[in-house]
Amino acid sequence: MNTLVLFYSYSGKTKAVAAELAANESAAIVEIKDTKRPGKLKAYTAGCFSAIKGTSWSIDPLNVDLTEYDRLILLAPIWANNPPPAFNAMLELLPKGKTVAVKMVSASGKSKCRERLDAIIKSKGSIMESFEDIKC
Ligand SMILES: Cc1cc2nc3c(=O)[nH]c(=O)nc-3n(C[C@H](O)[C@H](O)[C@H](O)COP(=O)(O)O)c2cc1C
């Protein structure tokens, strides 16, 4: 299966997990970047608010054709128990017909977004094959 690892990382931990995974899977890897990286205060205030609401912030173009891949491995840190707004922006771009594995990286190893992500991925016409919380 043609696999792409697609990740967002604010402070580098998810990036390290994604890089190791991509190397192990011999998969291509692409980073999701905020158009304007928020400072810590904004991340913990407006960023967490957006994460809870499930809203998106602007991201740079991904520079990859997601339709070329059968399987996507999506990774992101947890913000206020949910995916960060840049990750939500990427979800809007998800093509249909993909098999999607989700790995959420956090300090606690606990998130509350499995069902939300399953529903979003389904609404895009793809399938969430697995969901994992990684404590890091
Ligand atoms: C704005 C913000 C909110 C966070 N909220 C949570 C949280 O609700 N639960 C948790 O376990 N960790 C939380 N964390 C910690 C990160 O999820 C954790 O440190 C993660 O490994 C960071 O990944 P990164 O270095 O790729 O950004 C938060 C971090 C930030 C910056």
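Please refer to the structure higher up on the page.
Residues numbered from 1 in each chain as written. Predicted model: local features only at pLDDT ≥ 70, side-chain atom pairs only at ≥ 80, totals over all residues. Heavy atoms only, no water.

A. Focus on the sheet that holds strand β3 (residues 71-77). The strand order across the open sheet formed by 5 strands is β2-β1-β3-β4-β5, and the pairing between neighbours is parallel. In the strand order of this sheet, the two ends are held by β2 (28-32) and β5 (127-135), each with one partner. Averaged over all pairs of adjacent strands, the angle between strand axes in this sheet comes to 20°, irrespective of strand direction. Contacting β1 (3-8), β2, β3, β4 (99-106) and β5, helix α1 (residues 13-25) runs over the sheet at an angle of about 160° to β3. (Pairing = 2+ DSSP bridges. Helix = DSSP H or I, 4+ residues; strand = E, 2+ residues; numbered from the N terminus. Axes fitted to C-alpha atoms, helices over the stretch in contact; angles between N-to-C directions. Contact = heavy atoms within 4.5 Å.)

B. Seen up close, the packing of aromatic side chains. Considering all chains together, one arrives at 2 aromatic pairs under this definition. For the pair Tyr8 and Trp79, a centre-to-centre distance of 6.2 Å together with 75° between the ring planes defines the contact as edge-to-face. Pair noted here: Tyr8 is in strand β1 and Trp79 is in the loop between β3 and α3 (85-92), with a separation of 71 residues, a long-range link. Here Tyr8 matches Trp79 in class, with each residue buried. Judged by centre distance (5.5 Å) and plane angle (85°), the rings of Tyr10 and Trp79 are edge-to-face. Remark: Trp79 occurs in the loop between β3 and α3 and Tyr10 occurs in the loop between β1 and α1; sequence separation between them is 69 residues. The aromatic ring of Tyr10 is capped on one face by Arg37, whose charged end is 4.0 Å from the ring centroid. If you follow Lys42 out to its NZ or CZ, it ends over the ring of Trp57, 4.9 Å from the centre. (Phe/Tyr/Trp six-rings, centres within 6.5 Å; stacked < 30°, edge-to-face > 60°. Buried < 20%, exposed > 50% of the residue type's maximum accessible area, 1.4 Å probe, protein only. Lys NZ or Arg CZ within 6 Å of the ring centre and 35° of its normal.)

C. Structural detail: the site of the ligand. Residues in contact with the ligand amount to 18 residues; listed here are only the nearest, Ser9, Ser11, Lys13, Thr14 and Ser108. One nitrogen or oxygen atom from the main chain of Tyr10 is found 2.8 Å from an oxygen atom belonging to the ligand. One of the backbone nitrogen or oxygen atoms of Asn81 is found 3.0 Å away from an oxygen atom of the ligand. The fraction of the free accessible surface of the ligand (650 Å²) that becomes covered by protein chains is 87%. Only α1, α2 (40-53) and β4 provide two or more residues apiece to the shell around the ligand. Element by element, the count of residues in the shell around the ligand is highest for α2, at 3 residues. (Near = heavy atom within 4 Å. Polar contact = N/O pair within 3.5 Å; in protein donor to acceptor, adjacent residues only side chain to side chain. Areas by Shrake-Rupley, 256 points an atom, 1.4 Å probe, with all protein chains shown as cover.)

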